Amino acid sequence: MSDIIYTFKNNAYFNITNRCTCKCIFCIRNEHEAIGEATELWHDHNPSFEEIKAAIDAFDFTNYPEAVFCGYGEPTCAYDNLIAAAKYMKEKHSEVLLRVNTNGLGELFNKKPIAEEMAKYIDAVSISLNAPTAERYQEVTQPCFENAFPDMLAFAEKSKKLFSSVQFSVVSIISQEEIDASQKLADEMGIPLKVRIYS
Ligand code: SF4
């Protein structure tokens, strides 16, 4: 079976689904079968909560102060399991900070508000801004929704008030001019921006 929990640098990561609502042009899934210490991140079936729970029970979180929902897929595409796993983590490992790396389109996909419930169990979210304009966002992220940029921004705006920490990210596959414009947008929204180096 592929890895449900894997480690990369000093973090533990939860790989709870391979479903995703985007086809980002920089997605690591296009190039590699796994990252970090993982051996395989493509699931032969998306894990059930029982399988995720078993992986949590088997993992030693002693040296991992933070765990991140960020695998070969968008965590909010397995929303019920995301919430159940985060809730279980808070019961069993309340000392571990929980972050979700998300494309910010989980409310569109699930057709309901989710940020409020997520914030009960999740400490931080990192949202993929990916581009400074709606047009470039569609090109870089290739979401399965038309004009998804405003929904992603609305999720980020709402998240600011709900989570202890909110961050945007872009990948350096876009131009420096676009990175600068993304920084300006992030500054205007009062959300820190992380630039991930494309490799
Ligand atoms: S949202 Fe994440 S998993 Fe989905 S295509 Fe983009 S980079 Fe890949």
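Scroll up for the structure.
Predicted, not measured: the structure shown is a model, and the values here were computed from it.

J.: Looking at this structure, how should I read the side chain of Asn 15?
T.: As for its position among the elements, Asn 15 is in the loop between β2 (11-14) and α1 (49-58). Residue classification places Asn 15 among the buried residues on the basis of a relative accessible area of 0%. A polar atom in the side chain of Asn 15 sits 3.1 Å from the backbone oxygen of Leu 41. Discounting residues that sit within four places of it in the chain, Asn 15 has contacts with Asp 3, Ile 4, Tyr 6, Leu 41, His 43, Pro 47, Gly 71 and Tyr 72.

J.: Whenever I open this one, a nonpolar patch on the surface confuses me. Can you help?
T.: A contiguous nonpolar surface patch, about 230 Å² in accessible area, is contributed by Ile 25, Ile 173 and Tyr 198. Note that Ile 173 resides in the loop between β6 (165-171) and α7 (176-189). Under the relative-accessibility criterion, Ile 173 is labelled partly exposed at 32%.

J.: Quick question: what am I supposed to make of the sheet that holds β2 here?
T.: The strands making up a sheet are joined through hydrogen bonds of the backbone, oriented either antiparallel or parallel. Spatial strand order, β1-β2-β3-β4-β5-β6-β7: 7 strands in an open sheet with mixed pairing. The outermost strands of the open sheet, each flanked by one partner alone, are β1 (5-8) and β7 (193-196). The sheet shows a mean angle of 25 degrees between the axes of neighbouring strands, direction not considered.

J.: Please explain unusual backbone geometry as it appears in this structure.
T.: Glycine aside, a negative phi is what most residues show, and trans is what most peptide bonds show. Positioned with a positive phi, Lys 9 is a non-glycine residue whose angle comes to about 55 degrees. Within the element layout of this structure, Lys 9 appears in the loop between β1 and β2.

J.: How should the site of the ligand be read in this particular structure?
T.: Cys 20, Cys 22, Lys 23, Cys 24, Phe 26, Cys 27, Arg 29 and Asn 103 make up every residue found near the ligand. Residue composition of the shell around the ligand, by class: 5 nonpolar, 1 polar and 2 charged.

J.: What is the right way to look at the nonpolar core in this model?
T.: In this structure, Phe 61, Phe 69, Met 118 and Phe 168 are the most contacted members of the largest nonpolar core, which totals 59 residues. Top element by residues in this core is helix α2 (residues 79-92). It accounts for 7 residues. Residues within four places of Met 118 in sequence aside, it is in contact with Thr 76, Tyr 79, Leu 82, Ile 83, Val 100, Val 125, Phe 155 and Phe 163. In terms of nonpolar packing, the next biggest core, distinct from the first, is built from 5 residues, Tyr 13, Leu 41, Val 68 and Tyr 72 among them.

Quick notes on the rules
Residues numbered from 1 in each chain as written. Predicted model: local features only at pLDDT ≥ 70, side-chain atom pairs only at ≥ 80, totals over all residues. Heavy atoms only, no water. Helix = DSSP H or I, 4+ residues; strand = E, 2+ residues; numbered from the N terminus. Buried < 20%, exposed > 50% of the residue type's maximum accessible area, 1.4 Å probe, protein only. Polar contact = N/O pair within 3.5 Å; in protein donor to acceptor, adjacent residues only side chain to side chain. Contact = heavy atoms within 4.5 Å. Patch = residues over 30% accessible without salt bridge, like charges linked within 9 Å, V, L, I, M, F, W, Y side chains within 5 Å. Areas by Shrake-Rupley, 256 points an atom, 1.4 Å probe, with all protein chains shown as cover. Salt bridge = Lys/Arg side-chain N within 4 Å of Asp/Glu carboxyl O. Pairing = 2+ DSSP bridges. Axes fitted to C-alpha atoms, helices over the stretch in contact; angles between N-to-C directions. Near = heavy atom within 4 Å. Nonpolar A, V, L, I, M, F, W, Y, C, P; charged D, E, K, R; others polar. Core = buried A, V, L, I, M, F, W, Y, C linked by side-chain atoms within 4.5 Å.

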